[in-house]
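Summary of structural features
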Amino acid sequence: MKSDIRVCDEWREAHERPVYTLSETCPDCGADAVNSAPAPYNPEDPYGEYRRALKRRVRE
Ligand SMILES: [Zn+2]
C-alpha cells in the first residue's frame, strides 16, 4: 500500500506552513487536501545557505 500523504490545498492562505494529513481534508481549516508530491514547499530552504553566504561577503 503506497503512502498517501496529502497537504492542505489552502495552506498558503490559511496557514504559515504546509499542513500535512492522511485524510482528504485539512484537519485545521477543513479545505481539500491534495496529494503532496511534488512537494510544494522545501523545508530545507535550499536558498538559505546562499543568502547567508551573501551576507558574509558584505564587507569583503
Ligand atoms: Zn488547511
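Residues numbered from 1 in each chain as written. Predicted model: local features only at pLDDT ≥ 70, side-chain atom pairs only at ≥ 80, totals over all residues.

The name an unreviewed UniProt entry assigns to the chain is Ribosome biogenesis protein Nop10, from the organism Halogeometricum pallidum JCM 14848. Its UniProt record gives the chain the following Function (unreviewed entry) comment, quoted word for word: "Involved in ribosome biogenesis; more specifically in 18S rRNA pseudouridylation and in cleavage of pre-rRNA." As stated in UniProt under Sequence similarities (unreviewed entry), the record for the chain gives "Belongs to the NOP10 family." (UniProt positions renumbered as here; feature names shortened; annotations may be inferred.)

**As for the nonpolar core**
The biggest cluster of nonpolar side chains holds five residues, and these are Val-7, Cys-8, Trp-11, Cys-26 and Ala-33. Look past the residues within four positions of Cys-8 in its chain and what remains in contact with it is Ala-14, His-15, Pro-18, Val-19, Cys-26, Asp-28, Cys-29, Ala-31 and Ala-33. (Core = buried A, V, L, I, M, F, W, Y, C linked by C-beta atoms within 7 Å. Buried ≥ 20, exposed ≤ 12 C-beta atoms within 10 Å, placed from the backbone. Contact = placed C-beta atoms within 7 Å.)

**What about the sheet that holds strand β1 (residues 6-8)?**
Strand order in the open sheet made by the three strands is β2-β1-β3, with antiparallel pairing throughout. Of all the strands in the sheet, the pair left with one neighbour each is β2 (20-21) and β3 (33-35). With two bridges connecting them, β1 and β2 associate as antiparallel partners. Within β2, the position partnered with Arg-6 by the bridge is Thr-21. (Pairing = 2+ DSSP bridges. Helix = DSSP H or I, 4+ residues; strand = E, 2+ residues; numbered from the N terminus.)

**With respect to the confidence of the model for the chain**
For the chain, per-residue confidence averages 81 on the pLDDT scale, and residues scoring 70 or more make up 67% of the total. The least confident element of the chain is helix α2 (residues 48-56), whose mean pLDDT is 70; the most confident is helix α1 (residues 11-14), at 95. (pLDDT = per-residue confidence, 0-100.)

**Description of the environment of His-15**
Its location among the elements puts His-15 in the loop between α1 and β2. Taking the C-alpha atoms as reference points, His-15 and Asp-28, separated by 13 residues in sequence, lie 8.8 Å from one another. Residues contacting His-15, with those up to four places away along its chain left out, are Cys-8 and Asp-28.

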